[in-house]
Amino acid sequence: MDNFIFKVYYLSFAIVLAQTVAGGVLAVAAKNLIHCFLGMVVALIGVAGLYYHLGSPFIALMQVMIYVGAVCVAIAFGLSLTRKAGEEGLKPLSPMAVVPVVLPAGMLAATLKGLSHLEKTGMPRKLDESIIGWQLLGNYLFPFEIISVLLTLAVIGALSVALIRRREKNGNI
Amino acid sequence: MITSYVHEIVRGTGSLLAGMKVTIKAMLSRTQTVQWPRQYLTLPQRFRGHIQLVPVESTGYPKCFACGNCARTCPSKCITVKGKKPEGAKKKSPTTFLLDFTKCSLCGLCVESCPVSALGFSKDYAMAGPSRQDFAEMDLLSSLASPFSTQASKEKDHG
Amino acid sequence: MKDINLLHIVISLLGIMGMVSLNAVLVVWLERKTAGRMQFRHGPMEVGFHGILQTLADGIKLVSKQLVAPSHADTALFIMAPVVSLVPIFVAMMPIPFSATILAHETDTGLLLVIALGLLNTLGILLAGWGSDNKYGLLGGTRAVGQILAYKIPLLLTVLTIVILAGSFSLREIAMSQNGLWNAFMQPVAFLIYIVCIVLETNRSPFDMAEAESELVAGFHTEYSGMAFSMFFLAEYSYMFVAAALATVMFLGGWHGPILPAPIWFILKVYFLLFLMIWFRWTFPRVRIDQMLMMGWKVLLPISLINFLITAVVLAL
Ligand code: SF4
Ligand code: SF4
């Protein structure tokens, strides 16, 4: 029975992996903007699936909620104002496409090498979600705060950009 | 500023609740529609359906004596009357009384203009038919008894 | 990973499918009856006792109709959209606890699961609007997206308020934590905001800008017919059920109640909320998109934020 569960696990992991890669390819290579968007959604859901398989349904759901539910929807909102007549198929890749393939591959290899001393357990272990909270507000409080400051800055920046635009348009505010 | 903000929210919620009260009351009250064709509405006295011929009470023949007043008065020219004297009668009686209901505006001028009040409004509101022709030539005589006993005399009149 | 049990999954999926269809039949009937009575009409009367089987008859009619796609439609998106809209429902129904023991799948993150999957509905609407090569459809899809941006944050904030009260993301534990006092009484503001948010989330009047039949014909599903249309229809009523069930769990004490058995209480509360949504629909006129955005950003967001902060501070003290 255990063997069977392992097989199911690996199979579904492979499916999710393939889904992520296919979505990513579609996202960069499709000619039609909405197909790119769709590819991104598929890839992000795939990433959520990977998190799930790595034993963290919490992160997986957050991924779906934030990236698919909020970020993608916001992008879609922008896209729907720029509809371009439907082109089909994939566009030819430019030689520059090598860079985003090679760079992450190198980073991945480096990470794997750095982690190679860790023990292999086979199946990921599911941790309690509250650990994430304690870690974020304990050990990682400083990076957590830095991120909040960054986000606040982003909001203020967005606001000021919007206001400057408006002032230029209206002459005053 | 903040008080008007809160006030606006409270007032808005209040008006929403008022609206919901109206609809729930409507929901709990009696329905106004009936399950036609199983039930019919009882129509008010002055309901104006399409026009119809009024019969003489004793005989059941139409009161109309085919003077043609109604046809002349009708602003839409939708009445066609033809008549002749039945054997042994003093007055004429209509042999043809057709109403083009597709044009009739239910103005009632024909009813007003009839010297002997031989026209009235019916209470028939459930009117539907498969073709336009059903209403372009409505035979108002068909619901009444005819003083012309045989079908043959009618035919001859039509020519 | 130890709890993979094929039989369990199959049985619960079948149960959920049955639940989804039964719910659609019932809610559509309830909706049409209510609409009729509120307008002094009878509503459906012919098929079955007081028209209870009318939805079934309509469903059969829809299924037997042809699926027509516009000639310039993006066929892949066009076909995918109703599926994207409907399928997440089957998973989102899983963690909903009908009683302490009757639930398809217990997970620690049930609340997140339901909310995250509920978001995919908007994706379906957007794809439908985009794929059908129709201006009305595109406008409807865009509106749905603008809407989701406005209400998602207040919705999540109210949900978070409840989560910190109950100390868990598990729907079962949230319901259990309200054995005595319901959250609706402890958190009336959050409850009201959540009610507004679920009406927004399910795209129902007065927030049905995405389909707005008087302006956009039928909005995102203008081009849909037959089976695909009925899938959208089913999805809408199922999302209503899921949203109402979530509200029941979070605010109305889940299955708790005197005398009657637990699942009956749960269903009763859910249908009360569904009736409330129907009641809204036949009372309020549709708001304009700018009014909706204004309400989302200027009223719901600050109030839910303040409510969240107050709750957190009170809990911390
Ligand atoms: S006016 Fe009266 S009597 Fe004269 S033709 Fe018309 S219905 Fe007959
Ligand atoms: S009701 Fe008016 S329009 Fe109709 S037949 Fe009489 S006169 Fe003509």
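In what follows, the structure referred to is the one given above.
Report on the accompanying structure. Keep in mind that what you see is a predicted model, and the values were worked out from it rather than measured.

The rules behind each value
- Residues numbered from 1 in each chain as written.
- Chains lettered and ligands numbered in written order.
- Predicted model: local features only at pLDDT ≥ 70, side-chain atom pairs only at ≥ 80, totals over all residues.
- Heavy atoms only, no water.
- Helix = DSSP H or I, 4+ residues; strand = E, 2+ residues; numbered from the N terminus.
- Buried < 20%, exposed > 50% of the residue type's maximum accessible area, 1.4 Å probe, protein only.
- Polar contact = N/O pair within 3.5 Å; in protein donor to acceptor, adjacent residues only side chain to side chain.
- Contact = heavy atoms within 4.5 Å.
- Near = heavy atom within 4 Å.
- Nonpolar A, V, L, I, M, F, W, Y, C, P; charged D, E, K, R; others polar.
- Pairing = 2+ DSSP bridges.
- Phe/Tyr/Trp six-rings, centres within 6.5 Å; stacked < 30°, edge-to-face > 60°.

The next point concerns the side chain of Thr31(B). Within the fold, Thr31(B) resides in the loop between helix H1 (2–28) and strand E1 (51–53). Overall, Thr31(B) belongs to the buried group, its relative accessible area being 12%. In this structure the side chain of Thr31(B) is engaged in a polar contact, spanning 3.3 Å, whose partner is the side chain of His42(C). The contact partners of Thr31(B), leaving out residues within four places of it in the chain, are Arg37(C), Phe40(C), Arg41(C) and His42(C).

In the vicinity of ligand 1, the contacting residues are Cys64(B), Phe65(B), Ala66(B), Cys67(B), Gly68(B), Asn69(B), Cys70(B), Phe97(B), Cys114(B), Pro115(B), Val116(B) and Leu119(B). The class makeup of the residues in the shell around ligand 1 is ten nonpolar, two polar and no charged.

Next up on the list: the sheet that holds strand E5 (residues 138–139) of chain B. Residue and element names in this part refer to chain B. Within the open sheet, the three strands sit side by side as E2-E3-E5. Their pairing is antiparallel. The sheet is open, and its two borders are formed by strand E2 (79–84) and E5, each paired with just one other strand. Sheet analysis places strand E3 (residues 93–99) next to E5, joined by two bridges and oriented antiparallel. Each residue of the ladder has a partner; that of Leu98, found in E5, is Asp139.

Time to look at the packing of aromatic side chains. Residues and elements named next belong to chain C. Overall, the coordinates contain 15 aromatic pairs over all chains when judged by the stated rule. Consider the rings of Tyr194 and Phe251, whose centres lie 5.6 Å apart with planes at 40°: the pair is tilted. With Tyr194 in helix H8 (residues 188–201) and Phe251 in helix H10 (residues 226–251), this residue pair connects regions lying 57 residues apart in the sequence. A relative accessible area of 1% places Tyr194 in the buried class. Measuring from ring centre to ring centre gives 5.8 Å for Phe275 and Trp279, while their planes differ by 40°; the resulting arrangement is tilted. Within this pair, Phe275 and its partner Trp279 are both found in helix H11 (residues 262–281), separated by four residues, close to a single helical turn. Judged on exposure class, the residue Phe275 and its partner Trp279 are both buried. Following the ring pairs from residue to residue traces out a cluster consisting of Phe78, Phe220, Tyr224 and Phe232.

Interpretation in functional terms is not warranted from these geometric data alone.
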